[in-house]
Amino acid sequence: MLSLSLRTLALALAVSSDAVGVFGARIQTPFIRLPSDAARRRQDVKDIFLTSWNAYKEIAFPHDDLTPISESFTDGRNGWGASAVDALSTLQIFEEIVNFTSHIDFTVSHTTDTVSIFETTIRYLGGMLSAYELSGQKYPALIKQAEVLGTKMSAAFVNVVPFGQLDFNTSTPVIQTSNIAEAGTLTLEWSRLAKYSKNDTFRALAENSVRHIASLPAPIPAFPAQGIDPSTGQPVGAYVTWGGGSDSYLEYLIKYARITNTNDNVFADTWHTAVDSSIHTLLRQSTVGNHTYLADLDDSRTIRHIGSHLACFMAGNWIMGGKLLNNNTIVNIGLALNEGCWNTYASTATGIGPEAFGYISSDGGFTGSGDPSAGDLAFYNRNGFYILPGDSDYFMRPEVLESNFYAWRATGDTKFYERAVSATNSFATFLKTPTVAFAPIDDVDSTDSDFIDDMESFWFAEVLKYLYLTFDDPNRISLDNFVFNTEAHPFIAPPEKAVYGSGTLRPASQFQPFKSTSGPLPLVSFSPKLPTKIPN
């Protein structure tokens with residue numbers, strides 16, 4: 001029978017006493033005490049996982065995703081079995097899935113779709129490489145498959161910045177603009193692939209792309225524009241956001257510094273400078289409730305008072321990065337941002353947060369999508385935010401619970417544990433379908449919402465993993481001994497340094513004046529096979 005344990009035996013071996021005996025830039029507090037109901041809460045998450053997994057296995061495997069309402073499947077990630085591979089680092093008994101993965105033909109797409117370099121890296125490469133580590137390097141077939149996949153994806157690197165989409169059947173990149181998240185979120189996985197394949201080209205390709213992006217002129221110091229043209233390596237537009245299209249580029253700057261322990265401070269210092277720029281330019285408080293948010297800055301240099309589920313990862317990222325830099329100001333702002341994100345859960349009828357939201361601060365409430373309605377304003381006056389039109393859905397995303405997990409591990413404050421309990425109960429109540437498994441919902445502020453007929457692989461890889469880990473022994477998967485990729489696949493980290501970065505911001509003299517180039521941008525975090533909404 002399958003169960004959730006995150007390969008605890010292998011992890012116990014990996015985290016030796018030597019590794020935990022060095023105290024430097026630590027993330028976790030040593031004073032976490034699990035409440036007495038933790039075992040029951042872990043079982044609650046296991047039950048949700050097993051219900052979801054068994055339905056996927058029975059109905060959809062070996063396809064990518066289960067469509068729970070129609071009891072069918074989609075192949076939005078090239079038909080390589082995304083849910084199975086993405087779940088590898090979450091499954092305890094996974095020999096069957098390893099055997100399946102070792103026989104996937106990664107040299108061709110099994111659909112007519114192009115291959116996303118970003119999504120394929122974080123889900124497939126991340127899943128295989130993490131599972132290889134967590135198994136105690138028991139399954140070399142996973143490295144062989146990862147090398148096949150990485151070699152094939154290398155064709156996207158025509159220039160220093162990779163193209164975002166690749167025709168696998170012809171190894172031809174799609175010539176179009178990309179974004180810094182797509183081009184700058186490869187370093188954790190490709191450096192791990194380089195280590196185990198003994199081919200350092202993988203690391204160099206991913207790292208050089210990030211170095212290039214970090215050197216670009218930027219709308220605010222060290223914070224690049226969201227868009228980038230791989231043909232020229234130059235920015236496209238001037239949009240600045242911690243949300244989709246930029247998010248994981250910023251996330252990986254500090255995570256790469258941690259997982260490599262590099263003495264090159266460019267990664268940690270670039271992250272530090274981007275955070276400092278955000279504090280000075282983007283940080284806002286709502287006029288109702290004094291909730292802390294990070295705004296967007298659009299192409300016209302106008303502040304947009306919007307937030308998103310995707311962007312809420314930044315709270316955990318700031319907590320982690322602030323700890324590594326020994327910078328309590330950043331940690332405390334990260335905790336405040338986490339409060340703002342959690343409030344979007346606590347304020348809805350389902351106890352689940354929406355895809356995107358607006359708010360009003362002392363400088364106004366411009367969102368770029370029209371004035372809020374009377375109903376929006378009434379909701380705002382009660383809650384300190386309002387749900388943006390067309391963004392009331394919950395697409396089974398992890399970011400709010402991810403940051404809640406970091407807050408719990410960094411502070412040991414049981415309010416974060418209780419929030420995970422609340423989310424688990426909300427999922428069990430409102431995401432459970434009348435057919436099989438669990439599904440996204442169309443309206444988080446309705447207790448009778450329609451369903452969206454698609455259960456994405458990150459439900460297994462991220463959402464349920466972060467919930468389970470919140471209820472688990474904090475020393476089992478310690479944030480001081482593992483670094484999570486953006487799909488929540490944990491990689492074993494070396495003993496931490498005393499501090500990361502130089503402690504100073506990158507000087508303005510390192511950057512050329514910013515000049516924007518207009519052009520189309522790709523869709524952010526979309527599902528290419530997303531079915532229509534199904535009435536409840």
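Our structure is the block above this text.
Residues numbered from 1 in each chain as written. Predicted model: local features only at pLDDT ≥ 70, side-chain atom pairs only at ≥ 80, totals over all residues. Heavy atoms only, no water.

A.B. asks: Looking at this model, I keep getting lost on the sheet that holds strand 14 (residues 356-358). Mind explaining?
C.D. replies: Whether parallel or antiparallel, the strands of a sheet pair through hydrogen bonds between backbone atoms. Ordered in space as 13-14-15, the three strands form an open sheet in which the pairing is antiparallel. Of all strands in the sheet, those bounded by a partner on one side alone are strand 13 (306-308) and strand 15 (386-387). Strand direction decides the pairing type here: strand 13 and strand 14, joined by three bridges, are antiparallel. If you follow G307 over to strand 14, its bridge partner there is F357. (Pairing = 2+ DSSP bridges. Helix = DSSP H or I, 4+ residues; strand = E, 2+ residues; numbered from the N terminus.)

A.B. asks: Can you help me understand the state of the cysteines in this one?
C.D. replies: Here, the word disulfide means a covalent bond between the sulfur atoms of two cysteines. If you walk through the whole model with that rule in mind, you get one disulfide. Residue C312 pairs covalently with C341 via a disulfide, S to S 2.1 Å. Disulfide C312 to C341: torsion about the S-S bond roughly -95°, handedness left-handed. Here C341 lies in helix 14 (residues 328-346) and C312 lies in the loop between strand 13 and helix 13 (313-324), a separation of 29 residues in the sequence. Accessibility classification places C312 together with C341 in one group, the buried group. (Disulfide = S-S within 2.5 Å. Buried < 20%, exposed > 50% of the residue type's maximum accessible area, 1.4 Å probe, protein only.)

A.B. asks: In this structure, what is going on with the pattern of salt bridges? I would like to understand it.
C.D. replies: Pairing of side chains with opposite charge becomes possible as their charged atoms draw close. Scanning the entire structure with this criterion turns up 22 salt bridges. Here R40 makes a salt bridge to D37, at a shortest N to O gap of 4.0 Å. Classification of R40 by relative accessible area gives partly exposed; the value is 48%. Where E355 meets R397, a salt bridge forms, and the shortest distance between an N and an O atom there is 3.0 Å. Here E355, found in the loop between helix 14 and strand 14, pairs with R397, found in the loop between strand 15 and helix 16 (399-411); they are 42 residues apart in sequence, far enough to count as distant. There is no split in this pair, since E355 and R397 are both buried. Each of D200, R203, E207, R211 and D264 takes part in one network of salt bridges that share partners. (Salt bridge = Lys/Arg side-chain N within 4 Å of Asp/Glu carboxyl O.)

None of the figures reported here should be taken as evidence of function without further support.
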